[in-house]
Amino acid sequence: MVKKTGAQIVLQSMQIEGVKAVFGYPGGAVIHLYDELPNYKIKHYLVRHEQAAVHAADGYARATGEVGVALVTSGPGATNTVTGLATAYMDSIPLVVFTGQVPTALIGNDAFQEADIVGITRPCTKHNYLVKDVKDLPRIIKEAFHIARSGRPGPVLVDLPKDVLVGSTNFEYPETVNLRGYNPTYEGHPGQLRKAVRAILKSKRPIFYVGGGAVLANAAEQLTELAVRMQIPVTTTLMGLGAFPENNELSLGMLGMHGTYRANMAVTESDVLVAIGARFDDRVTGRIDEFAPGAKIIHIDIDPTSISKNVKVDIPIVGDVKDVLTKMLVIVNEMNEEVSEFARAHGDWLAKIAKWKDMHRLDYIQEEVIKPQFVVEKICQLTRDLNPIISTEVGQNQMWAAQFYEFTQPRTWLTSGGLGTMGYGFPAALGAQVAFPDRLVIDIAGDGSIQMNIQELATVVQYQLPVKVIILNNGYLGMVRQWQELFFRKHYSATDMSVAPNFVKLAEAYGAVGLRATKPKEVEPTLKKAFEINRPVFVEFVVAREENVYPMVPAGEPISKMLLV
Amino acid sequence: MKHIIGVLVENEFGVLSRISSLFSGRGFNIESLAVAETEDPSISHMTIVTRGDEQIIEQITKQLNKLINVIKVVDFTETDHVTRGMMLIKVAVEGSKRLEVLKVVEIFRGRIIDLSAKSAIVEITGDEGKLQAFIDVLLPYGIREISRTGVVAMTREAKTKNRMRLRAV
Ligand SMILES: Cc1ncc(C[n+]2csc(CCOP(=O)(O)OP(=O)(O)O)c2C)c(N)n1
Ligand SMILES: [Mg+2]
């Protein structure tokens, strides 16, 4: 066996785990690791803020389905990762984040750049480790990757004291993990599966309510096949966008606070609701006791804690969404006649939904100023055939992107759903562009959010990542302003953002391209121009300042009580 | 309703704080907690007394199970089980009360482990009901100090269910 230093073990282990890209930022505690880095077949991307390293790893993970990796130093480097970890944790994104730490002998001494990052991140990681002995390092890294990508995925943090990185040991990477306290259930219980299929076949007004779990489990194909075979309408959450093609007739679009009229009405009137990798988040359910009040609830989820957390579930199925849907398809295919009969029998349900579809469509009126929805619609028209990856920031920009871009493929939509992290979209797009250098990657941004990680302009320029950032500049923290308009007597307290940099000049100062448009007729040519440039581009659209996102379910109301345009 | 939950965990540093931060982070309450190594030194046993309706207790056990370092979770409340806690209680024994207190201690099968002119320290074990009754009885004499352990619990062997069983009083 060969002796290796801790730093070499970390890098060698990453290589064995198939890591191709690492997003990071150096410092004293990890300087040995950085010294070794060029000797390995892992490309390092030097971001300009550690938060962005984690979001970039997260974007990489969402777009590819692989584990994203970030590497930072101790103390402030480590604490800067917290928002990124919490973002990934809420959306169940597989990450391994390596942090430097002061030498073991100094831990607890308030040493220079010491932070108890394991303590700090305990509630926002799936698991975390402080490595105390270099001999434990291979096992811990193996476990970290395994935990991050298995079961309900999530971020894992590995804290690496400096002496552990410097120390050496015989290196052997374990073949298997042995975690007696961790055994995710992948296979749905056959009895429950049959029960679920029977309940669906008995229903008159069935609906699929699909969340991010379907994307994470790579189950889009099975979902689509099952929905089409059974003729069951599908609504997705913000996180579930892309799991079901929105150009399919059965698609109802997104549900919830800014969901479509037809999705919210269909859920409310359904008699069987099948939750697929979704967790009944309050932004989805609105007032919980009036969410799908007449429906029998079937819940498929790999995480038992998600089941019966917010609503009482009639038929729980713990398991991997893909496994469960595949098995349901087998059952359904054995029951050909019943299924065809069932599909016929709820024709009037589909007809009713078709009628809702024509009422209160997502809409806006394009006047002399650019409407943000119009920009998103144009982006969609111009790019839908290119299979682009769309990330967003948070706020109105995010909701308009969700509503007006038509998603047809999984893993093409990167958004911070659970935590709602402004500043997520740009670094996430950067990470996705690293994974797919030849695809079009677009961040649909707000003027407020983009300023939260704008320093990453330097990173995209340095690595020639041709990310397109479309800023819908309304001069406001628009979503908060919308709430103030509707619920706080138009008292716009601390939401005016009209003091902003000149985004075009700013982009140029960093060495990127800056474009700007103020008139509706400029939107299409400006977008076309941006998409043709094979460099990072900032495009600023000066949009209607006080446009609102509709429909909107006021907080605490049932989702059938929507404010409409 | 009160539930006693037994948790087998990896005997590693940081596990206790994972469990306690789970409870505080999710707003579950801990009434008492007892932790010690088991016969297998790589495993610790925790006994947690908590309170909540059915849904909360279900979440607590599921969330505990979700922790990587948790090996097994048992809700003792659903099983035939015994519980014990221990308490040290310092009680005034001045003058004529002395003999009365000693009598009470004897009835409850406590032990005097320290005695001075003014007070006595009594050691007593039992289930929560017994400990509470003991406190209630001593209250009029003047309780100076109480120090209690968390409750520990164990499931009875299922097979012995229908047989005669020794029951500690
Ligand atoms: C880090 C962070 N801070 C604060 C918020 C609260 N917040 C939600 S939306 C929003 C406004 C975002 O403004 P902008 O990026 O301009 O987007 P717009 O809504 O105008 O499209 C704010 C402040 C948040 N989600 N994240
Ligand atoms: Mg804005």
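Residues numbered from 1 in each chain as written. Chains lettered and ligands numbered in written order. Predicted model: local features only at pLDDT ≥ 70, side-chain atom pairs only at ≥ 80, totals over all residues. Heavy atoms only, no water.

## A word on the pattern of salt bridges
Then comes step 1: Scanning the entire structure with this criterion turns up 37 salt bridges over all chains.
Then comes step 2: What emerges from the salt-bridge pattern is a single network uniting R481, E485, K490 and E546 of chain A. (Salt bridge = Lys/Arg side-chain N within 4 Å of Asp/Glu carboxyl O.)

## Examining the site of ligand 1
Residue and element names in this part refer to chain A.
Then comes step 1: Of all residues adjacent to ligand 1, which total 17 residues, the nearest are Q396, G420, G448, S449 and G478.
Then comes step 2: Here a nitrogen atom of ligand 1 sits 2.8 Å away from a polar atom, N or O, in the main chain of G420.
Then comes step 3: In the model, an oxygen atom of ligand 1 is placed 3.0 Å from a nitrogen or oxygen of the N474 side chain.
Then comes step 4: Protein chains bury 76% of the 580 Å² of accessible surface belonging to ligand 1 in isolation.
Then comes step 5: Residue composition of the shell around ligand 1, by class: seven nonpolar, nine polar and one charged. (Near = heavy atom within 4 Å. Polar contact = N/O pair within 3.5 Å; in protein donor to acceptor, adjacent residues only side chain to side chain. Areas by Shrake-Rupley, 256 points an atom, 1.4 Å probe, with all protein chains shown as cover. Nonpolar A, V, L, I, M, F, W, Y, C, P; charged D, E, K, R; others polar.)

## So, the interface of chain A and chain B
Then comes step 1: Tallying the contact residues gives 19 residues for chain A and 21 residues for chain B.
Then comes step 2: For the chain A and chain B pair, buried surface summed over both sides reaches about 1700 Å², with 48% attributable to carbon and sulfur atoms.
Then comes step 3: Of all residues in chain A, R122, R180 and T305 of chain A give up the largest surface area on contact with chain B, accounting jointly for 38% of the area buried on that side.
Then comes step 4: Here chain A and chain B share two salt bridges between them.
Then comes step 5: A salt bridge links K66 of chain B to D303 of chain A, with the shortest nitrogen-to-oxygen separation between them at 2.7 Å.
Then comes step 6: Across the chain A-chain B interface, the total number found is eleven residue pairs in polar contact (both at pLDDT 80 or more).
Then comes step 7: No other element matches the three residues that strand β6 (residues 127–130) of chain A contributes to the side of chain A that touches chain B. (Contact = heavy atoms within 4.5 Å. Buried area = accessible area lost by both parts, 1.4 Å probe. Helix = DSSP H or I, 4+ residues; strand = E, 2+ residues; numbered from the N terminus.)

## Here's the deal with the coordination of the magnesium ion (ligand 2)
Residue and element names in this part refer to chain A.
Then comes step 1: At the metal site, the magnesium ion (ligand 2) is ligated by D447 (OD), N474 (OD1) and Y476 (O), and these contacts range over 2.1 Å.
Then comes step 2: Look at where the donors of the magnesium ion (ligand 2) fall in the sequence and you get D-x26-N-x1-Y. With D447 in the loop between β17 (441–446) and α20 (457–462) and Y476 in the loop between β18 (468–473) and α21 (478–487), this pair connects stretches of sequence that are 29 residues apart. Take D447 and Y476: they sit in the same class, and that class is buried. (Donors = N, O, S within 2.8 Å, 3.2 Å for Na, K, Ca; no water. Buried < 20%, exposed > 50% of the residue type's maximum accessible area, 1.4 Å probe, protein only.)

## A short note on a nonpolar patch on the surface
Residue and element names in this part refer to chain B.
Then comes step 1: Together, L16, I30, L33 and V35 make up an exposed nonpolar region whose accessible area comes to about 280 Å².
Then comes step 2: If one sorts the elements of the nonpolar patch by residue count, strand β2 (residues 30–37) sits on top with three residues.
Then comes step 3: Residue position: L16 is located in helix α1 (residues 15–25). (Patch = residues over 30% accessible without salt bridge, like charges linked within 9 Å, V, L, I, M, F, W, Y side chains within 5 Å.)

## Overview of the domain arrangement of chain B
Residues and elements named next belong to chain B.
Then comes step 1: For chain B, the assigned domains are domain 1 (2–79) and domain 2 (83–153).
Then comes step 2: Taking only C-alpha atoms, the centre of domain 1 and the centre of domain 2 are 29 Å apart.
Then comes step 3: The interface is formed by eight residues belonging to domain 1 together with six residues belonging to domain 2.
Then comes step 4: Approximately 510 Å² of surface area, both sides summed, lies buried where domain 1 meets domain 2, with 63% of it carried by carbon and sulfur atoms.
Then comes step 5: For the pair domain 1 and domain 2, the interface holds one salt bridge.
Then comes step 6: A salt bridge links E128 to K2; the shortest N-O distance between them is 2.9 Å.
Then comes step 7: Linking domain 1 with domain 2 are two residue pairs in polar contact (both at pLDDT 80 or more).
Then comes step 8: For the side of domain 1 that touches domain 2, the secondary structure elements donating two or more residues are β1 (2–10), β2 and β3 (43–51).
Then comes step 9: Among the elements that line the side of domain 1 that touches domain 2, the one with the most residues is β2, at three residues. (Domains from an automatic or database assignment.)

## Brief notes about the nonpolar core
In summary, soluble globular proteins display a tendency toward joint burial of nonpolar side chains.
Then comes step 1: Of all hydrophobic cores here, the largest spans 49 residues; its most connected members are F23, L95, F426, V434, I450, V469 and F538 of chain A.
Then comes step 2: Tallying contributions element by element places helix α3 (residues 50–64) of chain A first for this core, with eight residues. (Core = buried A, V, L, I, M, F, W, Y, C linked by side-chain atoms within 4.5 Å.)

## Thoughts on the pairing of strand β3 (residues 43–46) of chain A
Residues and elements named next belong to chain A.
Then comes step 1: As paired strands, strand β2 (residues 21–24) and β3 are joined by four bridges and run parallel to one another. In the strand pairing of β3, G24 is matched with L46.
Then comes step 2: Since β2 and β3 lie parallel, the crossover through helix α2 (residues 31–36) that links them has a hand, and here it is right-handed. (Pairing = 2+ DSSP bridges. Right-handed = clockwise from strand over helix to strand, strands pointing away.)

## Concerning the sheet that holds strand β9 (residues 206–210) of chain A
Residue and element names in this part refer to chain A.
Then comes step 1: Read across the open sheet, the six strands follow the order β11-β10-β9-β12-β13-β14; overall the sheet is parallel. The outermost strands of the open sheet, each flanked by one partner alone, are β11 (251–254) and β14 (315–318). Going from strand to strand, the sheet's axes swing by 15 degrees on average, the running direction of each strand aside.
Then comes step 2: Looking at chain direction, β9 and strand β12 (residues 272–276) are connected through five bridges and run parallel. Across the sheet, residue Y209 finds its bridge partner in β12, namely A275. (Axes fitted to C-alpha atoms, helices over the stretch in contact; angles between N-to-C directions.)

## Section: the environment of A52 of chain A
All names here are of chain A.
Then comes step 1: Tracing the backbone shows A52 in helix α3.
Then comes step 2: On the accessibility criterion, A52 (0% relative accessible area) is buried.
Then comes step 3: For A52, the residues in contact, after removing those within four places along its chain, are V47, P427, N453, Q455 and E456.

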